[in-house]
Every structure is written in structure tokens, then in C-alpha cells.
Amino acid sequence: MRLASSLKFLLQAGALGVLMALFLLLLFPQLKTQPFEHWWRNQQVGVSSFSHAASRAGPAVVNIYTRSFQRGSESPELSATGLGSGVIMSEQGYVLTNYHVIADADQVIVALQDGRILAGEVTGFDVPTDLAVLKITAGQLPVIPQDNELSPQVGDIVLAIGNPYNVGQTITQGIISATGRTGLSSMGPDSNGRQDLLQTDAAINAGNSGGALVNVYGEMVGINTASFQSLAHQESYGINFAIPYALAHRIMQELIVNGRVIRGYLGISGADIPPMMAQLLKLEDRTGIYVEAVNDQGPAAKAGISQEDVLMNIDGKAIRNMRHAMDMIAETRPGTEIQITLLRDGKILTLPVMIEEDSRFQRLR
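This write-up is about the structure you can find in this document. Note that the coordinates shown come from a computational prediction; the quantities given were computed from them, not determined experimentally. Along each chain, residues carry numbers from 1 onward, in the same order as the chain's sequence is written. Only residues with pLDDT of at least 70 are given local features in this predicted model, and only at 80 or more are side-chain atom pairs given and counted; all residues enter the totals for whole chains, interfaces and linings. Neither water nor hydrogens contribute to the side-chain values; these are computed over all heavy atoms in the structure.

## With respect to the overall build of the protein chain
Part 1 of the argument: Secondary structure counts use DSSP, requiring at least four H or I residues in a row for a helix and at least two E residues in a row for a strand, with both numbered from the N terminus. Helix and strand content of the protein chain: eight helices and 20 strands.
Part 2 of the argument: Long-range contacts, defined here as pairs at least 24 residues apart, represent 61% of the contacts in the protein chain between residues at least 6 apart.
Part 3 of the argument: Only the protein chains shown count as covering a residue, and every accessible area follows the Shrake-Rupley method with a 1.4 Å probe. If you sum the accessible surface of the protein chain, you get close to 19,600 Å²; carbon and sulfur atoms cover 54% of it. Only heavy atoms matter for contacts: two residues are in contact if any of them lie within 4.5 Å across the pair.

Structural data, given as C-alpha cells:
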């Protein structure tokens, strides 16, 4: 009888231990790939190694080499012209990278970390966000871990993975220094100021462009895109930028489906209204944007919007600032009529405007 009770107690304890182990594995899946002692030490003193993140994300980050024909020569030959990185986003072989990596390429070569060398075909590109999608054909492709609910926060630890200066895959570590960076004119003439860029101090050098910015779990946080350069062309340290995963993924889906990104276009340039100007214009507690210029051939001009107008509402929604207005317009399907409420010479007017497609950046390479 005593033996039976002991066996029952041992079986209950063993079952409880198994249930606890299963619970821990569900709660902390990283236990499957690292010793318990290693995991427990990290829980006590913070992350001491990023090897888990590197092993999850690294294989999906590829090297991209571009070649172009030398124009003007009697016998054009392909020669190496560019270097960058990319990220395998799906088992179907879609690779996300920066547009500027492949902008002038006649041939794109994708090198995987397992040694495979593949041809990359351009599925589509989007100049304003500096994103491009390539397609490679191969089996058993490594795909970077992705979390659609991910919300990067200032202070999060991040890793930048890429191929700087073609030295081979390299991982640098830093934090997210800021979110929502926009209007960085130093990033190039095609920047339209509507990107919500992540700023990081993880090192991003030539060749890193198009590579992955990941968190400590190896999940994609963004696409590394540029390092900051001042107007005086001074070299910067610790000021680098990445395109957030949510934006990059949305643009990628549009490029896969349509081959391009379809945006609404209004045809104005404007500016936020500072408090002093708001008082002069007698806006009181209303918000809006000041129209600095109007494209003569654009939808705004056709609708009667003029320079020095103050746009206050779009379809009844208050305009907070210039970026907010341009986002609302860009997300409006071309061919849609919207109502814009504006202030002109102290009078409030509402004008119907037919939104057209923004095709300024859909240029051929």
C-alpha cells in the first residue's frame, strides 16, 4: 500500500513537471534552441548574447550584386556596378530591398548565405519609399521571422544585418533612437517626407542597404536604408535609418499585386501653420496647411484651389499637418471625388476635387 502511494506521488510529480515544461516552452520558445541554464542566466541579468536572433534572421538576409552595360562603348559588356543586401520575405522567393540598390542595374544577382547564387528579377519598385521587390526561384528558402503586430519602441535593442563593403554578412547592434522621422532631405532628391522612418545607432554602411533590422528574437523590425549625411557632407556616427516593417510589408504587397504603388495626387506644395500665422489668419482652434504653390496641371488647380489658401478639412476630417494631409490624399484611390474645405480671404469654401494618380515616381530605370 505504501509502495503504491509512493508511485502515485511520483507519477503526479512527473506529470506536473511535464506540464510545467510544456508551459515554459509555449511561453518562451527560445528554450527549444538554447540550454536552460543559458536562458535562465539571460532572464536574470538581461540578454548576454544575440546568437539566437542571428541564427533565426541571418540565413534570410542575402547579398545583392548588380551589373550594368557600359553605355557608349562599341562592344557593351556587363560590369559590376553595385552592392547591397536584401531580405527573403516568403517561401515564394520574394526578396525585399532598397530601390537605390537596383536602380541602375541590368542584371541582379542574389547570393544566399548557404552558398546558392540566383538571378533576381525585379517585380516592382517604389521610389518615394526607396523599396523594391525581387523574385528568386529556388526551393527550401529561409524566410525571416515576421510579426504583423510588432510595434517598435524607442529604446528597443535592434540588430542590423547586411553585407557592408562586401566583407561578408555582418551584424551590428544598437537601439531604436527615434521613430517617425520624416522629411530627411539629406537622404536624396526622391525623399517625399512621408516616410515614418526608424532612427537607430546600429552601424549601417555601404552594402547594408536593403538588409534587415531585427529585434532580439530575430523578428524583422525594418529595412536598413541610409546613414545620415549633413548638408555639409560631414560624416555622421550613430545616426542611421530604416524603413519600418509595417510600411515595407504594405508596399511589398502592392508591388507584388500591381507591380507599382497606386497613390492619390493633389498637386500642391504646402507648409504647416505656426501659431503666429494661425493668429493672423484667425484660425482660432482650427488646424490646417498653408498652400505655397499649386501645380497648374494638377487636380487642385482644376478644382480652383489657389496659392495662399489654407486647407482645413478633407471629407470632413480635420487636417492636422502637411504630412497628415498628404497621407490622406495618397491613400485615396485615383478617380475618387473628395470635398476639401479651405479658408480664403477670411471666407470658408468647400470645393469638390477629383483625385488623380500620382505617377511622378513611376519612371523607367
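## Observations concerning the sheet that holds strand β5 (residues 117–126)
Part 1 of the argument: Pairing in this closed barrel of six strands is antiparallel, and the strands run β1-β2-β3-β6-β5-β4 around the ring. Ignoring which end each strand starts from, the neighbouring axes of this sheet average 40 degrees apart.
Part 2 of the argument: In terms of strand pairing, strand β1 (residues 61–69) meets strand β4 (residues 107–111) through five bridges, oriented antiparallel. Each bridged residue has a counterpart across the sheet, and for I64 the counterpart in β4 is V110. By the convention used here, strands pair only if DSSP detects at least 2 bridges between them. Every angle, taken between N-to-C directions, lies between 0 and 180 degrees, and every axis is a line fitted to C-alpha atoms, over only the stretch in contact when it is a helix.

## Looking at unusual backbone geometry
Part 1 of the argument: Backbone geometry at E308 places phi at a positive 80 degrees, although glycine is not the residue there.
Part 2 of the argument: Within the secondary structure, E308 is located in the loop between α7 (299–303) and β16 (310–314).

## Observations regarding helix α5 (residues 245–258)
Part 1 of the argument: Expected span of a helix, by definition, is 1.5 Å for each gap between consecutive residues, and there is one gap fewer than residues. Between its first and last C-alpha, α5 extends 20 Å over 14 residues, near the 20 Å set by a 1.5 Å rise per residue.
Part 2 of the argument: Within α5 the residues assigned to the buried category are Y245, L247, A248, I251, M252 and L255. Buried positions in α5, seen along its axis, are confined to an arc of 160 degrees and lie on one side of it. Structural note: α5 exposes A246 and V257 on the side pointing more than 90 degrees away from its buried face.
Part 3 of the argument: Looking at the residues trailing α5, positive phi occurs at G259, about 80 degrees. Accessibility here uses a 1.4 Å probe with only protein chains present; expressed as a share of the type maximum, an area under 20% marks a residue as buried, one over 50% as exposed, and anything in between as partly exposed. What the arc measures is the spread of directions leading from the helix axis to the C-beta atoms.

## With respect to the side chain of N208
Part 1 of the argument: Within the secondary structure, N208 sits in the loop between β9 (197–200) and β10 (212–214).
Part 2 of the argument: Here N208 is in contact with S85, I161, G162, N163, P164, A203 and N224, once residues within four sequence places are set aside.

## Side note on helix α8 (residues 322–330)
Part 1 of the argument: The buried fraction of α8 amounts to seven of the nine residues, a majority that puts the element mostly inside the structure.
Part 2 of the argument: Every buried residue of α8 is accounted for by M322, H324, A325, M326, M328, I329 and A330.
Part 3 of the argument: Looking at the buried positions of α8, the neighbouring elements they touch are β13 (264–265), β14 (268–272), β15 (289–294), β16, β17 (317–318) and β18 (337–344).

## Remarks on the pairing of β9
Part 1 of the argument: Residues L197 and Q199 point to one face of β9 and L198 and T200 to the other, with burial holding for every one of them.
Part 2 of the argument: Relative to β9, strand β8 (residues 170–181) runs antiparallel, the two sharing three bridges. Bridged to A178 within β9 is Q199.

## Observations regarding the pairing of strand β19 (residues 347–354)
Part 1 of the argument: Alignment of β18 against β19, held across eight bridges, turns out to be antiparallel. If you follow I338 over to β19, its bridge partner there is V353.
Part 2 of the argument: Hairpin connection between β18 and β19: a loop of two residues separates the two successive antiparallel strands, and D345 in this loop has a positive phi of roughly 55 degrees.

## A word on the packing of aromatic side chains
Part 1 of the argument: Geometry of aromatic contacts follows a simple scheme: Phe, Tyr and Trp rings, the Trp one being its six-membered ring, pair when their centres are within 6.5 Å, and the pair is stacked under 30 degrees between planes, edge-to-face over 60, tilted otherwise. A complete count under the given rule lists one aromatic pair for this structure.
Part 2 of the argument: Whether a charge sits over a ring comes down to the Lys NZ or Arg CZ being within 6 Å of the ring centre and within 35 degrees of the ring normal. A cation over an aromatic ring shows up here: K135 above the ring of Y94, its NZ or CZ 5.6 Å from the ring centre.

## Considering the environment of L247
Part 1 of the argument: Relative to the helices and strands, L247 resides in helix α5.
Part 2 of the argument: Through-space distance from the C-alpha of L247 to that of D196 is 8.2 Å; in sequence the pair is 51 residues apart.

## So, the environment of P244
Part 1 of the argument: With respect to the secondary-structure elements, P244 resides in strand β12 (residues 235–244).
Part 2 of the argument: P244 gets classed as buried once you look at its relative accessible area, which sits at 14%.
Part 3 of the argument: On a C-alpha basis, the gap between P244 and T179 in space is 8.9 Å, while along the polypeptide they are 65 residues apart.
Part 4 of the argument: Once you skip the residues sitting within four places of it in the chain, P244 turns out to touch D196, L197, L198, V221 and G222.

## Topic: the pattern of salt bridges
Part 1 of the argument: A carboxyl oxygen of Asp or Glu within 4 Å of a side-chain nitrogen of Lys or Arg is what we treat as a salt bridge. Enumeration according to the criterion identifies six salt bridges in this entry.
Part 2 of the argument: R263 is the partner of D126 in a salt bridge, and the nearest nitrogen-oxygen pair spans 2.7 Å. Note that D126 is positioned in strand β5 and R263 in the loop between α5 and β13, a separation of 137 residues in sequence. Across the pair, exposure class does not vary: D126 and R263 are buried alike.
Part 3 of the argument: A salt bridge links E357 to R260, with the shortest nitrogen-to-oxygen separation between them at 2.1 Å. Placement of E357 in strand β20 (residues 356–357) and of R260 in the loop between α5 and β13 is noted, with a sequence separation of 97 residues between them.
Part 4 of the argument: When its relative accessible area of 30% is taken as the criterion, R260 is described as partly exposed.

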